[in-house]
Amino acid sequence: MKRDRPSEQNNLFSHYQLRKKFTSKKNKVYLIRTVTTESESKDYVRKEMGSKLTKEAAFLLKLRERGVSVPELYQSGPDYLILEYLPGPTLLEIYCLLESEQADLSEVNPLFQGLSNWLLDFYRSYDYKFILGDINFRNFIVLEKNKIFGLDFEDCRKGAVEEDIGKLCAFGLSYRPVFTNWKLRVITLLFQDLTEKLSLDRELTRLKLKEELAEIGKRRRLSLSKIQLEDYLKNF
């Protein structure tokens, strides 16, 4: 059966129930429910207000075409997107849960392998010429068997993959509580895995990690001296 293009499904989303508002700094993002018959309904995500949603729609369509795990785009307009709802926790939620349980590396590794596989698919799909730009643990959904789906492609742009991975690891270290021994141990594992799997310049990735930690320190008013930063990064 032929699937309708996103712009052809206007009737399906003309009436819906608002179920929940998701936390988002840049957009208004809602869980909505459409009623197709008296006995059938389905949940979707409605994303509004972003100035780069047309760009994101183009990336979503291209990534799905290239086999990358992203939500399906059902409808788009100049100021909104209707997306597939993926009923799973974010990578950040799983990450925080694992830390609360003081999970060992054997438990964390399958999750990170799912993440590294997704990143490899993404960068390969654009011949390593585009990066995510806004890359953090909230922008990934974890489904069964550590299957990762990526979200939020508004800030995709040309750039060095080392910048993305440095930022990702910096966020991993600085979620509260910051710089715990557990975080240092598991993010070192992630850094090593990604630099090897993605064939990255290790020193450049380390530099981008250091730069992003310094920026995070400024934004959150964390007192991070150069000596402290070097101490945190000595194993990377």
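Residues numbered from 1 in each chain as written. Predicted model: local features only at pLDDT ≥ 70, side-chain atom pairs only at ≥ 80, totals over all residues. Heavy atoms only, no water.

A. Structural detail: the pairing of strand β3 (residues 41-48). Across the 8 residues of β3, 6 count as buried, placing the element largely inside the fold. Pairing analysis gives 8 bridges linking strand β2 (residues 28-35) to β3, with the strands arranged antiparallel. The partner of Tyr30 across the bridge, within β3, is Arg46. Where β3 meets strand β5 (residues 80-84), 5 bridges bridge the pair, whose relative direction is antiparallel. Counterpart to Glu48 in the pairing with β5 is Tyr80. (Buried < 20%, exposed > 50% of the residue type's maximum accessible area, 1.4 Å probe, protein only. Helix = DSSP H or I, 4+ residues; strand = E, 2+ residues; numbered from the N terminus. Pairing = 2+ DSSP bridges.)

B. Up close: the pairing of strand β8 (residues 147-150). Bridge count between strand β7 (residues 140-143) and β8: 4 bridges; the pairing is antiparallel. Paired with Val142 across the two strands is Ile148, which belongs to β8. Count of turn residues in the β7/β8 antiparallel hairpin: 3 residues, of which Lys145 carries a positive phi of about 60°.

C. Local environment of unusual backbone geometry. For the bond from Arg176 to Pro177, the omega torsion is 0°, close enough to zero to count as cis. Relative to the assigned elements, Pro177 resides in the loop between α4 (161-174) and α5 (181-197). Residues other than glycine seldom take positive phi values, yet Asp152 does so here, at roughly 70°. Along the chain, Asp152 falls in the loop between β8 and β9 (157-158). Asp152 gets classed as buried once you look at its relative accessible area, which sits at 13%.

D. Quick look at the sheet that holds β2. The strand order across the open sheet formed by 5 strands is β1-β2-β3-β5-β4, and the pairing between neighbours is antiparallel. The open sheet has two edge strands, β1 (17-22) and β4 (73-77), and neither has a second partner. Strand-to-strand twist of the sheet, defined as the mean angle between neighbouring strand axes without regard to direction, takes the value 25°. Where β1 lies against β2, 5 bridges are found, and the strand directions are antiparallel. (Axes fitted to C-alpha atoms, helices over the stretch in contact; angles between N-to-C directions.)

E. Representation of helix α2 (residues 91-100). For α2, every residue scored as buried is listed here: Leu91, Leu92, Tyr95, Leu98 and Glu99. The arc that holds the buried residues of α2, viewed along the axis, is 125°, so those residues lie on one side. Following α2 by one or two positions, Gln102 adopts a phi angle in the positive range, close to 50°. (Arc of directions from axis to C-beta.)

F. Structural context of the packing of aromatic side chains. Within the structure shown, the criterion is met by 20 aromatic pairs. Plain terms: the ring middles of Tyr95 and Tyr175 are 6.4 Å apart, the flat faces sit at 70° to each other, and that makes the pair edge-to-face. Here Tyr95 is found in helix α2, whereas its partner Tyr175 is found in the loop between α4 and α5, with 80 residues between them in sequence. With a relative accessible area of 1%, Tyr95 lands in the buried category. Linked through ring pairs, Phe59, Trp118, Phe122, Tyr123, Tyr126, Tyr128, Phe130, Phe140 and Phe153 together constitute an aromatic cluster. Above the face of the Tyr80 ring, Arg46 is positioned so that its terminal group lies 4.5 Å from the ring centre. (Phe/Tyr/Trp six-rings, centres within 6.5 Å; stacked < 30°, edge-to-face > 60°. Lys NZ or Arg CZ within 6 Å of the ring centre and 35° of its normal.)

G. Summary view of the state of the cysteines. In total, this model carries 0 disulfides according to the counting rule given. Cys169 provides the cysteine sulfur closest to Cys96, a residue in no disulfide bond, and the two sulfurs are 16 Å apart. The class of Cys96 is partly exposed, set by a relative accessible area of 34%. Taking relative accessible area as the criterion, Cys169 reaches 0% and is therefore assigned buried. (Disulfide = S-S within 2.5 Å.)

H. The arrangement of the nonpolar core in detail. By size, the foremost hydrophobic cluster in this structure holds 61 residues, and its most contacted members are Trp118, Leu119, Tyr123, Leu132, Phe153 and Ile187. Per-element tally for this core: the top contributor is helix α3 (residues 105-125), with 9 residues. Leave out the neighbours within four places in its chain, and Phe153 touches Glu56, Phe59, Leu60, Leu63, Val70, Trp118, Phe122 and Leu132. Core analysis: the next-biggest nonpolar cluster, separate from the first, contains 7 residues, Phe13, Tyr30, Tyr74 and Ile82 among them. (Core = buried A, V, L, I, M, F, W, Y, C linked by side-chain atoms within 4.5 Å. Contact = heavy atoms within 4.5 Å.)

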